[in-house]
Amino acid sequence: MKIAVDGPAGAGKSTISKILAKKLGINYLDTGAMYRAATYKTIKESIDPENEEAVVKAVENSDIYFKDNEIYLDGENVKIQIRSPQVNRLVSVISKIDEIRKIMVAKQKKISESSDVIMDGRDIGTVVMPDADYKFYLDASIEIRAKRRFEEMDDKSAMMSFESLKKEIAKRDEEDKNRKTGPLKVAEDAVVIDTSGLEIDQVVELMAKKIKGE
Ligand code: C5P
């Protein structure tokens, strides 16, 4: 079984996909973590993000993989590093590079061919698994999505204000929606769910019902 879950930042994709994967007994793959790891690599190596050739070379020469559902870069567990404000700001710049998308999509397609999986991202239903058995597009108002992300932050005072977080998310959405290759958009055959007024469990329930054909 293959399930694609797309949508903008903070729509609840990863939390919900993880629960659903457990419920269905299939694997979960967070494709955003892969783009984040590639971004972290460029930061670590002080590569100019506008220098596409150098970015691509660095990513080609790196080993990005999952072990026990956690993301690794060149043998190092980077699950904390990939959530930094620096990565948040830069990830949509790195992920709009065609060659970077080619590398990531190829890896993701390979994973989808070898196992039953629920994948979340931006281009899963449209590019990575156009043949998925079920496609969902989760959305929510920018206000709600920023609020969720803000509440997830450990040390709010040290990070950023709610307003700047909201701006940053809106900017990332715009970049993700307007890029040439693999933009964020609703797949023709996706079920769209507005999660704004819903609890996590309610969304999981809605999706599980669709999958069971109820
Ligand atoms: O899902 P998450 O917010 O962690 O994704 C981080 C960024 O990675 C997105 O804003 C987008 O720029 C990029 N991404 C992508 N394609 C995917 C998943 C994520 O371009 N399939």
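Here the residue numbering is sequential within each chain, running from 1 through the sequence in written order. In keeping with the predicted nature of the model, local features appear solely for residues at pLDDT of at least 70, side-chain atom pairs appear and are counted solely at 80 or more, and the whole-chain, interface and lining totals rest on all residues.

Naming follows an unreviewed UniProt entry, where the protein chain appears as Cytidylate kinase of Alkalibacter saccharofermentans DSM 14828.

**Q** How would you sum up the environment of isoleucine 103? Please name residues and give values.
**A** Helix and strand assignments come from DSSP, with helices taken as H or I runs of at least 4 residues and strands as E runs of at least 2, each series counted from the N terminus. When you line up the elements, isoleucine 103 lands in helix H5 (residues 98–114). For isoleucine 103 and valine 59, which are 44 residues apart along the polypeptide, the C-alpha to C-alpha distance reads 8.6 Å. If near-sequence neighbours (up to four positions away) are discounted, isoleucine 103 is found in contact with Val59 and Glu60. Residues are treated as contacting if the C-beta atoms built from their backbones sit within 7 Å of each other.

**Q** I'd like to hear about the confidence of the model for the protein chain, residue by residue, with values.
**A** For the protein chain, the average pLDDT comes to 95, and 98% of its residues sit at 70 or higher. Both confidence scores are given for the complex: pTM 0.96, ipTM 0.99. As a per-residue quantity, pLDDT reports the predictor's confidence and falls between 0 and 100.

**Q** Give a description of the pairing of strand S3 (residues 64–67) that names residues and reports values.
**A** Here, any two strands with at least 2 DSSP bridges between them count as paired. In this sheet, strand S4 (residues 70–73) lies alongside S3 in antiparallel orientation, the contact comprising four bridges. Within the sheet, the bridge partner assigned to isoleucine 64 lies in S4 and is leucine 73. As consecutive antiparallel partners, S3 and S4 are separated by two residues, and within that stretch aspartate 68 has a phi angle of approximately 50°, a positive value.

**Q** Break down the sheet that holds strand S1 (residues 2–6) for me, with residues and values.
**A** Overall, parallel pairing links the five strands, which are arranged S2-S6-S1-S7-S8 in an open sheet. Of all the strands in the sheet, the pair left with one neighbour each is strand S2 (27–30) and strand S8 (191–194). Each neighbouring strand pair of the sheet contributes to a mean axis angle of 20°, computed without reference to strand direction. Bridge analysis of S1 against strand S7 (residues 134–139) gives four bridges, and the strand direction is parallel. Here the axes come from fitting lines to C-alpha atoms, over the contacting stretch only for helices, and the angles between their N-to-C directions go from 0 to 180 degrees.

**Q** Provide a residue-level description of H5, including the pertinent values.
**A** By definition here, a helix of n residues has an expected span of 1.5 Å times n minus one. Over its 17 residues, H5 extends 25 Å from the first C-alpha to the last, a length consistent with the 24 Å expected when each residue adds 1.5 Å. Field definition: a residue is buried when 20 or more other C-beta atoms are found within 10 Å of its C-beta, exposed when 12 or fewer are, and partly exposed for counts in between, with C-beta atoms placed from the backbone. Residues of H5 that are buried include every one of Ile100, Arg101, Met104, Gln108 and Ser112, and no others. Viewed end-on, H5 has its buried residues packed into an arc of 90°, placing them on one side of the element. Turned more than 90 degrees from where H5 packs its buried face, Ala106, Lys110, Glu113 and Ser114 sit exposed. Tucked inside the fold, the buried residues of H5 contact S1, helix H2 (31–44), helix H3 (52–60), helix H4 (85–94), strand S6 (117–121) and helix H6 (124–128). Think of it as the arc spanned by the lines of direction from the helix axis to the C-beta atoms.

**Q** Describe the site of the ligand, and please don't skip the residues or the numbers.
**A** Here, nearness is defined through the C-beta atom: a residue counts as near a molecule or strand if that backbone-placed atom lies within 6 Å of it. In the vicinity of the ligand lie 14 residues, with Gly32, Tyr35, Ser92, Ser95 and Gly121 positioned nearest. Every element with two or more residues in the shell around the ligand is listed here: H2, H4 and helix H8 (162–178). With four residues, H2 is the largest single contributor of residues to the shell around the ligand. Classifying every residue of the shell around the ligand by side-chain character gives four nonpolar, five polar and five charged. All amino acids are sorted into three groups, where Ala, Val, Leu, Ile, Met, Phe, Trp, Tyr, Cys and Pro are nonpolar, Asp, Glu, Lys and Arg are charged, and the leftover types, Gly among them, are polar.

**Q** Summarise unusual backbone geometry; cite the residues concerned and give the values.
**A** In this structure, serine 46 is a non-glycine residue whose phi angle is positive, near 50°. The topology assignment puts serine 46 in the loop between H2 and H3. Owing to 6 C-beta atoms within 10 Å, serine 46 belongs among the exposed residues under this scheme. The residue aspartate 74 is not glycine, and still its phi comes out positive at about 45°. Relative to the helices and strands, aspartate 74 resides in the loop between S4 and strand S5 (76–77). Since 13 C-beta atoms lie within 10 Å of it, aspartate 74 is described here as partly exposed.

**Q** Help me get a handle on helix H1 (residues 13–24), residues and values and all.
**A** Compared with an ideal rise of 1.5 Å per residue, which puts twelve residues at 16 Å, H1 spans 16 Å between its outermost C-alpha atoms and is within 8% of the ideal. Burial in H1 covers these residues: Lys13, Ile16, Ser17, Leu20 and Ala21. Buried positions in H1, seen along its axis, are confined to an arc of 135° and lie on one side of it. Buried positions along H1 lie against S1, S2, S6, S7 and helix H9 (200–212).

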